[in-house]
Amino acid sequence: DARLNYQYSQRADGLSNPLAKALLALMEQKQSNLSVAVDLTKKADILALIEKIGPFVCVIKTHVDVIEDFDQDFVQQLTALSEKHRFFIFEDRKFADIGNTVKLQYSSGVYKIASWAHITNCHTVPGEGIVQGLKEVGLPLGRGLLLLAEMSSKGSLATGSYTETTLEWAEKHSDFCIGFIAGRRFPNLQHDFITMSPGIGLDVKGDGMGQQYRTPHEVIVNCGSDIIIVGRGIYGAGRDPVVEAQRYKKAGWDAYQERLTK
Ligand code: 6AU
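Residues numbered from 1 in each chain as written. Predicted model: local features only at pLDDT ≥ 70, side-chain atom pairs only at ≥ 80, totals over all residues.

## Things to note about the overall build of the chain
The number of helices and strands found in the chain is nine helices and eight strands. Considering only C-alpha atoms, the chain reaches an extent of 45 × 45 × 35 Å along its principal axes. A total of 262 residues make up the chain; the buried ones form 42% of that total. Here the contacts in the chain between residues at least 6 apart in sequence split such that 69% fall between residues at least 24 apart. (Helix = DSSP H or I, 4+ residues; strand = E, 2+ residues; numbered from the N terminus. Buried ≥ 20, exposed ≤ 12 C-beta atoms within 10 Å, placed from the backbone. Contact = placed C-beta atoms within 7 Å.)

As structure tokens, this is what we get:
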């Protein structure tokens, strides 16, 4: 796949979604292919962490349904931080219902995800209708969708023909699908896509609950992924998040540089 040797910014032409193009350009500008998974439960802790690590990331990933004191002020502050530090917001909602239901879940309720999250993701287990439903809401707002083609956890059922069919739907809806959550780049696709890989750790191999960690070098150089998603490796017990964010940013960017010269 020749695109593995392209710079991120050069790949923008191969993706039609404007948000995907903007993300690739931002990655090159900030020299960051690091996304931090901010899995904390208090608004103030989340915002304080993002204020510190914002300069080092291209994407901040949230799970807003774990925030105890979520409110619209959180959304406003998060949006302000995304403009100040220049990163995109990815709400890791993992939608998994029929098209009509996910339209409501994406646009409405307490969270109104589509109104503030640049990127969200979904499982493909319900069939293609889930992509159609999310697209009806997200595409007019300039949003992008990631399909969960694989999972990092032990025993994941997202393999084989499940993964293959997921790739087909991404091709068919490449105006809205900007890429995949997966552990590797998928070869021989007609369109270019952004691959984002969770399950990244430099120090440990797992978490005792099925999560499996690999290094930035392994996923970016050996497996052709584009963005590393790191959570507890950055703010886990005893860690200095600023030190760790810089460490993972460097590991991710060095791996990307190595891939370009391969
Ligand atoms: O680095 P961690 O293990 O602390 O956090 C990994 C983050 C978590 C998971 O909900 C998420 O990545 N994740 C996902 C995503 C991003 O969709 C998919 C997956 O297969 N594995 C995984 O860990 O916030």
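## A word on helix H2 (residues 43–53)
Within H2 the residues assigned to the buried category are Ile46, Ile50 and Ile53. Seen from one end, H2 has its buried residues packed into an arc of 75 degrees, which puts them on one side. Contact partners of the buried residues in H2: strand S1 (34–38), strand S2 (59–62), helix H3 (72–85), helix H8 (232–235) and helix H9 (241–260). (Arc of directions from axis to C-beta.)

## Focus on the UniProt feature "binding site: substrate" (unreviewed entry) in the chain
Here the UniProt-annotated "binding site: substrate" (unreviewed entry) positions come out as Asp39, Lys61, Ser152, Gln211, Gly231 and Arg232. The residue Ser152 is located in the loop between strand S5 (144–148) and helix H6 (160–172) in this model. For Ser152, a count of 20 C-beta atoms within 10 Å gives the class buried. The residues contacting Ser152, other than those within four sequence positions of it, are Gly183, Pro198, Gly199, Gln211 and Gln212. Examined against the element boundaries, Gly231 turns out to sit in the loop between strand S8 (227–230) and H8. Excluding its chain neighbours within four sequence positions, the residues that come into contact with Gly231 are Ala37 and Asp39. (UniProt positions renumbered as here; feature names shortened; annotations may be inferred.)

## A short note on the pairing of strand S4 (residues 119–122)
Residues Ile119 and Asn121 point to one face of S4 and Thr120 and Cys122 to the other, with burial holding for every one of them. Across three bridges, strand S3 (residues 88–95) lies against S4 in parallel orientation. From the neighbouring strand, Phe95 faces S4, where its bridge partner is Cys122. In terms of handedness, the path from S3 via helix H4 (residues 99–107) over to S4 forms a crossover that is right-handed. Where S4 meets S5, four bridges bridge the pair, whose relative direction is parallel. Its bridge partner being in S5, Thr120 is matched across the sheet by Leu145. (Pairing = 2+ DSSP bridges. Right-handed = clockwise from strand over helix to strand, strands pointing away.)

## Re the site of the ligand
Residues in close proximity to the ligand total 18 residues, the closest being Ala37, Met151, Pro198, Gly231 and Arg232. Of all the elements in the fold, those that place two or more residues in the shell around the ligand are S8 and H8. Of the residues contributing to the shell around the ligand, the split by class is seven nonpolar, eight polar and three charged. (Near = placed C-beta within 6 Å. Nonpolar A, V, L, I, M, F, W, Y, C, P; charged D, E, K, R; others polar.)

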